[in-house]
Amino acid sequence: MSLRTRTRSCAVAAVALLTAATALSPTASADPGGAELRPSGGGLSALIRYTEYGIPHILAKDYANLGFGNGWAQANDQACTLAEGFATVRGERSRFFGAQGKPDGSLSSASTNLASDLFFRGIRDAGTVARLMARPAPVGPGRQVEELMRGWTAGYNAWLKQNRVTDPACRGAAWLRPVTLSDVHHLNYSFSVLGGQGRGADGITAAQPPSGAAPRTAATDPGEAARRFFDTSDAAMGSNAVAFSGSTTANKRGLLLGNPHYPWSGGRRFWQSQQTIPGEINVSGGSLIGSTTVSIGHTARIAWSHTVATGTTMNLHQLTLAPGDPTAYVVDGRPEKMTRRTVTVQVKDGAPVTRTQWWTRYGPVVTGLGAQLPLPWTTTTAYALNDPNATNLRAGDTALGFSRARDVNGVQEALRRTQGLPWVNTIAADSSGGSFFSQSQVLPRITDELAQRCSTPLGRATYPTSGLAVLDGSRTDCALGSDRDAIEPGIFGPSKMPTLKNAPYAENSNDSAWLTNADRPISGYERVFGSYGTQRSMRTRGAVEDVAAMAGRGRLTVADLQRQQFANRVPAADLTVDEVVKGCEDLRLGAPCDVLRTWDRKTDTGSRGALLFDRFWRALLPSVPAASLWRTPFDAADPVRTPRGLNTAAPGFATALRGAVAELRAAGIPLDAPLGRHQFVVRGGKRIPVHGGTESLGVWNKVEPVWNAAGGGYTEVTTGSSYLQAVGWNGGPCPVAKTLLTYSQSSNPVSPYHSDQTELYAGEKWVTSRFCEGDILTSPKLRVVWARER
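Residues numbered from 1 in each chain as written. Predicted model: local features only at pLDDT ≥ 70, side-chain atom pairs only at ≥ 80, totals over all residues. Heavy atoms only, no water.

1. Thoughts on the environment of Phe566
Defined as follows: Helix numbers and strand numbers start at the N terminus; a helix is a DSSP run of H or I with at least 4 residues, a strand a run of E with at least 2. A simple rule labels every residue: compare its accessible area, found with a 1.4 Å probe on the protein chains alone, to the largest value its type can have, and call it buried under 20%, exposed over 50%, or partly exposed in between.
You can see Phe566 is positioned in the loop between helix 15 (558-565) and helix 16 (571-586). Take Phe566: its relative accessible area is 7%, and that puts it in the buried class. Spatially, the C-alpha atoms of Phe566 and Glu764 are 6.6 Å apart, while their sequence positions differ by 198 residues.

2. Concerning the packing of aromatic side chains
A ring pair, where both rings are aromatic, is described by two values, the distance of the centres and the angle of the planes. For clarity, the threshold we go by: The aromatic pairing rule takes the rings of Phe, Tyr and Trp, using the six-membered ring of Trp, and pairs them if the centres are within 6.5 Å, calling planes under 30 degrees apart stacked, those over 60 edge-to-face and the rest tilted. Throughout this description, the term charge over a ring refers to an Arg CZ or Lys NZ atom that lies within 6 Å of the ring centre and within 35 degrees of the ring normal.
Summed over all chains, the structure comprises 24 aromatic pairs. Measuring from centroid to centroid gives 5.2 Å for Phe97 and Trp175, while their planes differ by 70°, and the two rings are edge-to-face. Of this pair, Phe97 sits in helix 3 (residues 93-97) while Trp175 sits in the loop between helix 6 (143-162) and helix 7 (181-192), and the two are 78 residues apart along the sequence. With relative accessibility at 28%, the residue Phe97 sits in the partly exposed group. Taking the relative accessible area as the measure of exposure, Trp175 reaches 10% and is therefore buried. Clustering of aromatic rings is evident, with ring pairs tying together Trp599, Phe613, Phe616, Trp617, Trp630 and Phe653. The ring of Phe680 carries the charged tip of Arg687 above its face, separated from the ring centre by 3.8 Å.

3. Structural notes on the nonpolar core
As a reminder of what qualifies: We call a set of buried Ala, Val, Leu, Ile, Met, Phe, Trp, Tyr and Cys residues a nonpolar core when their side-chain atoms join them within 4.5 Å.
Among the nonpolar cores identified, the biggest contains 164 residues, and Phe86, Tyr156, Phe244, Leu369 and Ile446 are the most heavily contacted of them. Examining the composition of this core, we find that 14 residues originate from one element, helix 2 (residues 63-89), more than from any other. Core analysis: the next-biggest nonpolar cluster, separate from the first, contains 37 residues, Cys593, Leu611, Phe613 and Ile669 among them.

4. Quick word on the sheet that holds strand 14 (residues 363-364)
Test applied: Any two strands between which DSSP finds at least two bridges are classified as paired. Contacts were defined at the residue level, with two residues in contact if any of their heavy atoms lie within 4.5 Å. Helix axes are fitted only over the stretch in contact, all axes being lines through C-alpha atoms; the angle between N-to-C directions runs from 0 to 180 degrees.
Pairing is antiparallel across the open sheet formed by 3 strands, whose spatial order is 12-13-14. Either end of the sheet is taken by a strand with one partner, and the two such strands are strand 12 (339-345) and strand 14. Sheet topology note: the strand 12/strand 13 (residues 353-360) ladder contains 7 bridges and is antiparallel. Opposite Thr342, over in strand 13, you have Thr356 as the bridge partner. On top of the sheet, helix 4 (residues 113-125) reaches strand 12 and strand 13; it is set at about 120° to strand 12, its chief contact.

5. Remarks on the state of the cysteines
Heads up, the rule is: Disulfide: a pair of cysteine sulfur atoms within 2.5 Å of each other.
Taken as a whole, this structure holds 4 disulfides when the rule is applied. Here Cys80 engages in a disulfide with Cys170; their sulfurs sit 1.9 Å apart. The disulfide joining Cys80 to Cys170 has a torsion of about -75° about its S-S bond and is therefore left-handed. Of this pair, Cys80 sits in helix 2 while Cys170 is found in the loop between helix 6 and helix 7, placing the two residues 90 residues apart along the sequence. Residue classification places Cys80 among the buried positions, given a relative accessible area of 4%.

6. A look at the pairing of strand 29 (residues 723-728)
Within strand 29, 6 of the 6 residues are buried, which leaves the element mostly enclosed by the surrounding structure. Neither face of strand 29 is left uncovered, since the one carrying Tyr723, Gln725 and Val727 and the one carrying Leu724, Ala726 and Gly728 both have all their residues buried. Pairing analysis gives 6 bridges linking strand 29 to strand 30 (residues 736-741), with the strands arranged antiparallel. Its bridge partner lying in strand 30, Tyr723 is registered against Leu741.

7. What about the side chain of Asn392?
What counts here: In the analysis that follows, any N or O atom pair within 3.5 Å is treated as a polar contact, provided that within protein one partner can donate a hydrogen and the other can accept it, and provided that, for residues neighboring in sequence, both atoms belong to side chains.
With respect to the helices and strands, Asn392 occurs in the loop between strand 17 (381-386) and helix 10 (395-404). A polar contact of 2.8 Å, which involves the side chain of Asn392, links it to the backbone nitrogen of Arg394. Here Gly420 takes part through its backbone oxygen, which lies 3.0 Å from a polar atom of the side chain of Asn392. Once residues lying within four places of it in the same chain are set aside, the contact partners of Asn392 are Leu132, Ser192, Gln419, Gly420, Pro422 and Val442.

8. So, the sheet that holds strand 1 (residues 45-51)
Strand order in the open sheet made by the 10 strands is 21-19-18-8-7-6-5-2-1-32, with mixed pairing throughout. Of all strands in the sheet, those bounded by a partner on one side alone are strand 21 (499-501) and strand 32 (783-788). The mean angle between the axes of side-by-side strands here comes to 20°, regardless of whether they run parallel or antiparallel. Sheet topology note: the strand 5 (residues 270-277)/strand 6 (residues 281-288) ladder contains 8 bridges and is antiparallel. Each bridged residue has a counterpart across the sheet, and for Thr276 the counterpart in strand 6 is Asn282.

9. Quick look at unusual backbone geometry
The peptide bond linking Ala137 to Pro138 adopts the cis configuration, its omega dihedral lying at 10°. If you trace the backbone, Pro138 turns up in the loop between helix 5 (128-134) and helix 6. Note the cis peptide between Thr642 and Pro643, where omega equals 0°. Along the chain, Pro643 falls in the loop between strand 23 (630-632) and strand 24 (644-646). Not every positive phi belongs to a glycine, and Asp349 is a case in point at roughly 55°. Structurally, Asp349 can be placed in the loop between strand 12 and strand 13. Take Asp349: its relative accessible area is 77%, and that puts it in the exposed class. Residues other than glycine seldom take positive phi values, yet Asn568 does so here, at roughly 55°. As for its placement among the helices and strands, Asn568 is situated in the loop between helix 15 and helix 16. On the accessibility criterion, Asn568 (2% relative accessible area) is buried.

10. Some words on the environment of Leu176
Summarising the element assignment, Leu176 is placed in the loop between helix 6 and helix 7. Once the C-alpha coordinates of Leu176 and Thr605 are considered, the two residues, 429 residues apart in sequence, prove to be 39 Å apart. The contact partners of Leu176, leaving out residues within four places of it in the chain, are Ala79, Ala83, Tyr156, Leu160, Val165 and Cys170.

11. Regarding helix 16
Quick note on the threshold: Working rule for helices: expected span equals 1.5 Å times residues minus one. We define the bend at any residue as the angle between the axes fitted to the seven residues before and including it, ending there, and the seven starting there.
Between the first and last C-alpha of helix 16 there are 23 Å, a value that for 16 residues agrees with the 22 Å anticipated at 1.5 Å per step. At Val577, helix 16 shows its largest kink, close to 50°. Of the positions making up helix 16, those classed as buried are Pro571, Ala572, Ala573, Thr576, Val577, Glu579, Val580, Val581, Gly583 and Cys584. Looking at the buried residues of helix 16, the elements they touch are helix 14 (538-553), helix 17 (591-598), helix 18 (610-623), strand 23, strand 24 and helix 20 (651-666).

12. Structural notes on the pattern of salt bridges
This is how it is decided: Salt bridges are identified by distance alone: a Lys or Arg side-chain nitrogen within 4 Å of an Asp or Glu carboxyl oxygen.
Using the criterion set out here, one finds 43 salt bridges in the structure. With a shortest N-O distance of 3.0 Å, Asp325 and Lys337 are connected by a salt bridge. Within this pair, whereas Asp325 is found in strand 10 (residues 325-331), its partner Lys337 is found in strand 11 (residues 334-337), the two being separated by 12 residues in sequence. Accessibility expressed as a relative area gives 22% for Asp325, which makes it partly exposed. The residue Glu695 makes a salt bridge to Lys702 at a minimum N-O spacing of 2.8 Å. Of the two residues examined, Glu695 and Lys702, each falls in the buried class. Look at the salt bridges and you will find they share partners, linking Arg90, Glu92, Arg95, Arg124, Arg177 and Asp183 into a network.

Spelled out as structure tokens, the structure:
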């Protein structure tokens, strides 16, 4: 197409779209029949403008119609993944996929389809979500969020009705079917309880009164077991984010780099869009599929991201059981019966399965948190799980508040007003130069004083190591209480949240709030929020080094954020590789020493030696006790530089290094092979090299692939860098924003948007955000869809 033809086409499109936008405006007048406001002739509708990489820009007149366009566009890209999610929250996985199959972990930690179904079917049968939706705002969701959900339901169903599903993952499947508004409510509820009841799904659904069989014994070291269960420093999922204030930037305006580490497949993927109601809301960013708001994004004035927080989002109450009745517990000397809930699940090729779940005033009885922390139900003792997010359906209101904020003060006000984020920190920057961090999340109101006064012996072991309180459930004076500024009882109010405003930088990499800014450490918060004065993860140490140096250099721009995202520096190597080489030479290993000496200490696709160091480092950490790994121990006065000095004399060092060399040679992989030749994903039969590195290496650009030596090294990334955004402002009406959805918009292998952004990621390239109308309308890939009910 010639430039003249393209310009003319854009002009024609602009006239048509601007006319439509006028009709969609909330201030537009309507004829008596309402035809002007309902151009489809009835029902909901939205204008969807697709630009490069299949990114939809959804334009609607109100929240219900915006939700409609959102549901339509999400179904277009993620029909099968969404459909499987709805089957999950309906409690139908066993019916369609078999009872012993395994969920992908995106909506709960249930280990089997049967456990997942018993958990979600139990929530549905109890009417939990319906009661929460009926609560008036601000404790319940606001009217605009309810309208978004209503519209989303209609949009998803309309797309299914009007389009043919081409994704082989669900084409023609019985579980691909229209959804109800209740289904959408339950899907969003599952996001809230992921860190609480969702993590205890196996223990909740397996809990049964003692029947004479010996219960599971308690953990030999419950404190360590709890620490491992709640530890975020070496988790597959997480995130980095940093906000820079105007004092560090070239134009005195803020900057934000968001780098969430989330699954590359399944139901916890991000999906990118712009959502606009003229005169009301205009926001662009990534949403968790199935959610109706932008989870991480930017507007014309602010940008925000999230990182998984260290707050312990649940607590336990140890129950003293009534003599002779293990289904009754004693509170202040009086017995109280548990509530019995019977749940039935349909099973593929088998009889229905019926189980009983037991509930108390504190929550469900649970018999374990993972395999390492059993909680035996005996004739005298049981444990109940309290999850304050089990009454929280406010996350959509929080996200909507961010989308309407004008600066970081507005972000803080949205957090204060809605109190809806279940398990994340918030990092934000604005066009006026503000920066912001807050660990504002819904946490059980466990003060250190309460834990000291009311902890059982188990709680005295678990609370210091993990923040998991185990309180004496037989005493009402051990109840959680209430903060005056909390939206409901039993949670902390906004005044207790660790917060830092307008520091030169505010950074988090899934450690606690302590080193958000190393020059302005945050301390004094309750243990349930996280620790301080303790050793940080390698990723936190590397990130603080990087962003502090950036802030010190000053005159930062969006280009500096882009360079940081793909710097692929390996902090563990910078800290140790000289000692590793010396230890290697002492072992007289020859070639591996040369490879490590000449390695660039990065995880670029062309980095030679990265794979060898990676396999060595992964083997070293679990084989050498933490106390023996370093010559210089951790020092709270020097938390970024300590511990240091790798102890190459530790017995595990030689074993790990020799093992890594042998492993690569056995797989036929040269020790100096470029990383991207053996760390890749396959899309449409094509190998796409993947850069980045694992958690323990400390790489900002984190990826977690699967090792398959027979298949050529690492294959298929499971989690890692996902929706990336580097955002700043230049004084004009449009933000300066670069984005990237690493695994691309669509999970459908037939879609043209299944791997296009993955190719960009491999080449360390970005997408320039088309935020303003002029940018959207002049896209060379502009495609317009009028989505409507028929």
